[in-house]
Amino acid sequence: MKVAVLSGKGGTGKTLVSVNLASVAKESLYIDCDVEEPNGHLFFKPKNYASESIEVKIPFSDEKLCSGCRKCVEFCKFNALAFIINKVIVFDNVCHSCGGCILLCPEQAFAEKDKLIGKVQYGVSENVTVMTGVLNPGESSGVPIIKKLLQDIVSGPELIIIDCPPGSACIVMESIKDADYCILVAEPTLFGVHNLNLVYELVKLFKKPHGVILNKCVEGENPAEKFCLEKDIKVIGKIPFDGGLGTLNSNALISVRENKKYHDLFASILQVVTKEGSYETVTNP
Amino acid sequence: MKVAIPVDDKSMSTNVSQSFGRTPYYLIYDTDSKKSVFLDNSAIASQGGAGIKAAQTIVDSNINAIITPQCGENAAEVLKTANIKLYKTINFSVQDNICALNDGKLPILEDIHPGFHGHGGN
């Protein structure tokens, strides 16, 4: 079962939830798709056994073949191309490697070159296989790295945890595309509700079975919980705003490996996820 | 010589816009005829690469120089490739900057920033 963990903004607890759910399972695969700032590996400290460079294709134009029709410049949604003094300039860092300019060019003036954008690392941390995507700073899109991560999923572990990037943009869509179940992590504030709504809209659009984990829960009213009640979203777990948990986490320790109380907390959440996920898979094929 | 200035509004009393790529309008001033026209910036709504698209518009309008408070590196590359001069504004007043240009007192824009890429800057 592939479980994606997402949230509308950074710092809500995606990695806390992902790392601990992966660790509390008997055996699992943890995939860090937050390629702009992957930090699951800081907790797992995996013994890496392999690493692979990720390259994308960047177009370049042959000015001898270019007729100056500008079809490519007008097509490019990302404005990665400019036509200056009878020459097409390509901005490598803006180009998303969609290949549209190459397809459209009536003179076939484009060729492609490889460009290194990051890497994928493979490692092991006790019962967890750890895959980490790393996008080099300044690159336009982490989607090619996420594609590689998800296409390379090793067979074996029944539970696969996909730690998603924050937000609801292309890289998140790519990360949840093949997920069987989505966990939305939410903070107990009005701002938290706004961010929860972003990812809630996304998983609804993708018709993904989903549930919410309320993180940083304190006594009193929880706007995120209220939102779940109103929208009839299942709350699959509550994580308290807890000094002990915060200390372990800020020391880059995996709480379920350190403390029985947290082990039980995440084990019970995983139980619900497994039940919800398989139930939904049967009813929503 | 034709000069472009990013401006907030289509009026001679308007202020210079803080952003080159995502300004709503450009004031195009002709130093020979002393005439001004306004140009819409279609790049303002771009998801990304606004500076590149805006600079392309400037190049296509046969502009010789721009006067701007700041300029991102991608836009600057397009403008420099097209041999367009980059001047730095002295203040927010369109009139003051045109006068300074006519008097040859505008500084060259040296500090090209790495671009805001949709995050602030305006």
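These figures come from a predicted structure and were not determined experimentally.

Parameters at a glance
Residues numbered from 1 in each chain as written. Chains lettered and ligands numbered in written order. Predicted model: local features only at pLDDT ≥ 70, side-chain atom pairs only at ≥ 80, totals over all residues. Heavy atoms only, no water. Helix = DSSP H or I, 4+ residues; strand = E, 2+ residues; numbered from the N terminus. Buried < 20%, exposed > 50% of the residue type's maximum accessible area, 1.4 Å probe, protein only. Contact = heavy atoms within 4.5 Å. Areas by Shrake-Rupley, 256 points an atom, 1.4 Å probe, with all protein chains shown as cover. Lys, Arg positive; Asp, Glu negative; His and termini not counted. Charge placed at Lys NZ, Arg CZ, Asp CG, Glu CD. Salt bridge = Lys/Arg side-chain N within 4 Å of Asp/Glu carboxyl O. Axes fitted to C-alpha atoms, helices over the stretch in contact; angles between N-to-C directions. Parallel < 35°, antiparallel > 145°, perpendicular 65-115°, else oblique. Left-handed = near helix turned anticlockwise from the far one by under 90°. Nonpolar A, V, L, I, M, F, W, Y, C, P; charged D, E, K, R; others polar. Domains from an automatic or database assignment. Buried area = accessible area lost by both parts, 1.4 Å probe. Polar contact = N/O pair within 3.5 Å; in protein donor to acceptor, adjacent residues only side chain to side chain. Disulfide = S-S within 2.5 Å.

1. Considerations on the overall build of chain A
- Along chain A, the regular secondary structure elements total 11 helices and 11 strands.
- The principal-axis extent of the C-alpha atoms belonging to chain A is close to 70 × 45 × 35 Å.
- A burial count over chain A gives 51% of its 285 residues as buried.
- Relative to all contacts within chain A whose residues are 6 or more apart in sequence, the contacts with residues 24 or more apart total 74%.
- Taken as a whole, chain A presents about 13,700 Å² of accessible surface, with 53% of it coming from carbon and sulfur.
- Where the 30 positive side-chain charges of chain A centre and where its 34 negative ones centre are 1 Å apart.

2. With respect to the side chain of A:D34
Residues and elements named next belong to chain A.
- Its place among the elements puts D34 in the loop between β2 (28-32) and α2 (40-44).
- Despite its burial, D34 pairs with no opposite charge, the nearest such side chain being K14 at 5.6 Å.
- Those residues in contact with D34 that sit more than four places away from it in its chain are D163, C164, P165 and P166.

3. Here we look at the packing of helix α1 (residues 50-60) of chain B against helix α2 (residues 73-81) of chain B
Residue and element names in this part refer to chain B.
- Where α1 contacts α2, the axes come no closer than 8 Å and their chain directions differ by 25°. One way to sum up the angle between α1 and α2 is to call them roughly parallel. Both α1 and α2 take part in a crossing whose hand is right-handed. Across the interface between the two elements, G51, I52, A55, Q56, I58 and V59 from α1 touch N74, A75, V78 and L79 from α2.
- Of the residues contributing to the contact of α1 with α2, the split by class is 7 nonpolar, 3 polar and no charged.

4. Re the pattern of salt bridges
Residue and element names in this part refer to chain A.
- One pass over the full model with this rule turns up 15 salt bridges over all chains.
- A salt bridge links K113 to D92, with the nearest nitrogen and oxygen atoms 3.5 Å apart. One end of the pair, K113, is in strand β6 (residues 110-125); the other, D92, is in the loop between β5 (87-90) and α4 (100-104), with 21 residues separating them in the sequence.
- For K113, a relative accessible area of 37% translates into the label partly exposed.
- Here the salt bridges do not stand alone but share partners, grouping K9, E187 and K216 into one network.

5. A few points about the domain arrangement of chain A
Residue and element names in this part refer to chain A.
- Each assigned domain of chain A is listed with its residue range as follows: domain 1 (2-54 + 118-283) and domain 2 (57-116).
- Counting from both sides, the interface comprises 8 residues of domain 1 and, opposite them, 6 residues of domain 2.
- Both faces considered, domain 1 and domain 2 share a buried interface measuring about 500 Å² in area, 42% of it formed by carbon and sulfur atoms.
- The largest share of the area that domain 1 buries against domain 2 comes from I54, E139 and S140, three residues that together contribute 61% of it.
- Counting across the domain 1 and domain 2 interface gives 1 salt bridge.
- In this structure, the salt-bridge partner of E139 is K115, at a minimum N-O distance of 2.6 Å.
- On the surface where domain 1 and domain 2 come into contact, there are 2 residue pairs in polar contact (both at pLDDT 80 or more).
- Of the residues that constitute the side of domain 1 that touches domain 2, the class distribution is 1 nonpolar, 6 polar and 1 charged.

6. With respect to the state of the cysteines
- With the rule as written, the count across this model stands at 0 disulfides over all chains.
- A:C182 carries a free sulfur, and the closest cysteine sulfur to it, the one in A:C164, is 6.9 Å from it.

7. Some points on the interface of chain A and chain B
- Counting from both sides, the interface comprises 13 residues of chain A and, opposite them, 16 residues of chain B.
- Here chain A meets chain B over a buried area of about 1,100 Å², counting both sides, of which 58% is carbon and sulfur.
- Looking at the side of chain A facing chain B, the largest losses of area belong to A:N79, A:I84 and A:F91, adding up to 49% of the total buried there.
- Taken together, the connections running from chain A to chain B amount to 1 salt bridge.
- As a salt-bridge pair, A:R70 and B:D60 come within 2.6 Å of each other at their nearest N and O atoms.
- At the boundary of chain A with chain B, the tally comes to 6 residue pairs in polar contact (both at pLDDT 80 or more).
- Considering only residue class, the side of chain A that touches chain B consists of 10 nonpolar, 1 polar and 2 charged.

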